[in-house]
Amino acid sequence: MSRHTHGLRAWLLQRISAVYLAMFLLYILVHCLRHGAHSYAQWQAWLTLPLMNIASAGFIIALMAHAWVGMRDVILDYIKPLGLRLGLLSLTGLLLAGSGLWALRSLLLAAVRAT
Amino acid sequence: MTDPQNAPVFLNLFRIRFPAGAVASIAHRISGVMLFLSLPFLAWLLDLSLQGPDGYARAVELLQPVWVRLGSALIVWSLLHHLIAGIRFLLIDIHIGVSLPVARISAWAASMTALLLALLYAWWLL
């Protein structure tokens with residue numbers, strides 16, 4: 001059963017994360033167009049608002065899932081030799097986990113400092 | 001029937017037709033990979049910008065050189081294309097705009113909108 005639903009789960013995860021990423025990005029875009037350039041104080045205050053801080057962390061988590069499924073699809077489609085494929089998949093996972101956790105840490109530290 | 005073993009190989013890229021849907025689709029992949037590759041840099045910028053007034057000033061400073069601005073225009077195109085073409089794919093998933101004439105027009109419109117907005121951004125930036 002789980003073997004058969006595996007592809008469907010990834011497909012669904014890709015779509016659900018896409019909807020969240022798109023909505024968040026459109027909000028950011030509208031905010032930046034209306035607001036213009038930020039000073040540090042405005043930027044820090046905006047990203048440490050509790051709702052914005054949590055929504056941004058959600059964005060990073062959704063992005064990690066979305067980018068993993070997408071990069072996995074691309075690698076499996078174009079890279080056939082098994083060794084190279086596993087190597088690239090591992091690098092992708094490392095880069096994604098590294099960047100994502102780093103960004104989450106920055107958001108969390110900024111929120112802690114703001115309290 | 002031609003023997004498949006001896007069938008002529010036709011791989012002149014200038015003579016293979018790429019319909020709008022194929023262009024939007026391959027550009028969706030290319031932009032996705034470029035966005036993925038930009039993530040460490042973006043995480044670094046976010047971290048720097050939240051470290052304090054000095055870090056924020058340094059992050060702004062890092063974005064000033066012309067080659068970084070050109071790179072950012074490429075990332076902005078990737079984001080716009082990935083977002084707009086992605087919304088088109090989501091709509092097709094729920095059976096909106098599936099018919100070939102509509103899908104061709106929307107593919108063309110999505111690619112062109114992303115390109116135009118990215119050019120507008122580059123023009124504003126430089």
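Just so we're clear, the structure is a prediction, and the values are computed from it rather than from any experiment. (Residues numbered from 1 in each chain as written. Chains lettered and ligands numbered in written order. Predicted model: local features only at pLDDT ≥ 70, side-chain atom pairs only at ≥ 80, totals over all residues.)

Regarding its fold elements, chain A presents 4 helices and 0 strands. Counting all 115 residues of chain A, 17% fall into the buried class. Sequence-distant contacts, at least 24 apart, represent 77% of the contacts inside chain A between residues at least 6 apart. (Helix = DSSP H or I, 4+ residues; strand = E, 2+ residues; numbered from the N terminus. Buried ≥ 20, exposed ≤ 12 C-beta atoms within 10 Å, placed from the backbone. Contact = placed C-beta atoms within 7 Å.)

Further remarks concern the overall build of chain B. Regarding its fold elements, chain B presents 4 helices and 0 strands. Tracing chain B from N to C terminus, the helices and strands come up as α-α-α-α. The globule rule puts the C-alpha radius of gyration for 126 residues at 14 Å, and the 20 Å found for chain B is more than 25% above it. Within chain B, the proportion of its 126 residues that are buried is 21%. A separation threshold of at least 6 residues defines the contact pool for chain B, and within that pool the share at least 24 residues apart is 76%. (Rg over C-alpha atoms; globule rule 2.2 N^0.38 Å.)

Counting from both sides, the interface comprises 18 residues of chain B and, opposite them, 19 residues of chain A. Breaking the side of chain B that touches chain A down by element, the ones donating at least two residues are helix H1 (20–49), helix H2 (53–62) and helix H3 (66–93) of chain B. The biggest single contributor to the side of chain B that touches chain A is H1(B), with 10 residues.

At a minimum axis separation of 9 Å, helix H4 (residues 82–114) of chain A and H1(B) run at an interaxial angle of 15°. With respect to H1(B), the axis of H4(A) lies roughly parallel. In this structure, the crossing between H4(A) and H1(B) has a hand that is left-handed. Residues Leu95(A), Ser99(A), Trp102(A), Ala103(A) and Ser106(A) of H4(A) form the contact with H1(B), whose participating residues are Leu39(B), Pro40(B), Ala43(B), Leu46(B) and Asp47(B). For the contact of H4(A) with H1(B), the per-class residue count stands at 7 nonpolar, 2 polar and 1 charged. (Axes fitted to C-alpha atoms, helices over the stretch in contact; angles between N-to-C directions. Parallel < 35°, antiparallel > 145°, perpendicular 65-115°, else oblique. Left-handed = near helix turned anticlockwise from the far one by under 90°. Nonpolar A, V, L, I, M, F, W, Y, C, P; charged D, E, K, R; others polar.)

A few words on the nonpolar core. If you look at the biggest cluster of nonpolar residues, it comprises 18 residues, and the most contacted ones within it are Leu63(A), Met64(A), Ala67(A), Trp68(A) and Phe36(B). Listed by contribution, the elements that provide at least two residues to this core are helix H1 (2–35), helix H3 (50–78) and H4 of chain A together with H1 of chain B. If you tally residues by element for this core, the top one is H3(A), at 6 residues. If sequence neighbours within four positions are ignored, Met64(A) has contacts with Leu96(A) and Gly100(A). Residues Ala24(B), Leu83(B), Ile84(B) and Ala85(B) belong to the second largest nonpolar core, which totals 10 residues. (Core = buried A, V, L, I, M, F, W, Y, C linked by C-beta atoms within 7 Å.)

All names here are of chain B. Positive phi is not limited to glycine here, since His 95 has a value of about 65°. The residue His 95 is located in the loop between H3 and helix H4 (100–125) in this model. You can call His 95 exposed: it has 7 C-beta atoms within 10 Å.

Our next topic: the packing of H3(B) against H4(B). Residues and elements named next belong to chain B. One way to put it is that H3 packs onto H4 with a least axis distance of 9 Å and a crossing angle of 155°. Judged by the inter-axis angle, H3 sits roughly antiparallel to H4. Of the two elements, H3 crosses H4, and the hand of that crossing is right-handed. Here Arg 69, Ala 73, Val 76, Trp 77, Leu 80, His 81, Ile 84, Ala 85, Arg 88 and Ile 92 of H3 lie close against H4, whose contacting residues are Ala 103, Ser 106, Ala 110, Ser 111, Thr 113, Ala 114, Leu 115, Leu 117, Ala 118, Tyr 121, Ala 122 and Leu 125. Split into classes, the residues belonging to the contact of H3 with H4 amount to 16 nonpolar, 4 polar and 2 charged.

What follows deals with the confidence of the model for chain B. Residue-level pLDDT values for chain B average 92, and 94% of them are 70 or greater. We note a pTM of 0.90 for the whole complex and an ipTM of 0.92 for its interfaces. (pLDDT = per-residue confidence, 0-100.)

All names here are of chain B. Within the secondary structure, Trp 77 sits in helix H3. Sequence separation of Trp 77 and Ser 111 is 34 residues, and the distance between their C-alpha atoms is 9.9 Å. Not counting the four nearest positions on each side in its chain, Trp 77 is found in contact with Ala 114, Leu 115 and Ala 118.

With 29 residues, H3(A) extends 42 Å between its outermost C-alpha atoms, agreeing within 8% with the 42 Å of an ideal straight helix rising 1.5 Å per residue. When we look at burial in H3(A), the residues that qualify are Ser56(A), Phe59(A), Leu63(A), Met64(A), His66(A), Ala67(A), Trp68(A), Gly70(A) and Met71(A). (Expected span 1.5 Å × (residues − 1).)

Right, let's talk about the environment of Ser56(A) for a bit. Residues and elements named next belong to chain A. Assignment of secondary structure puts Ser 56 in helix H3. Along the sequence, Ser 56 and Ile 79 sit 23 residues apart, while their C-alpha atoms lie 33 Å from each other. Aside from chain neighbours lying at most four places away, what touches Ser 56 is Leu 47 and Leu 107.

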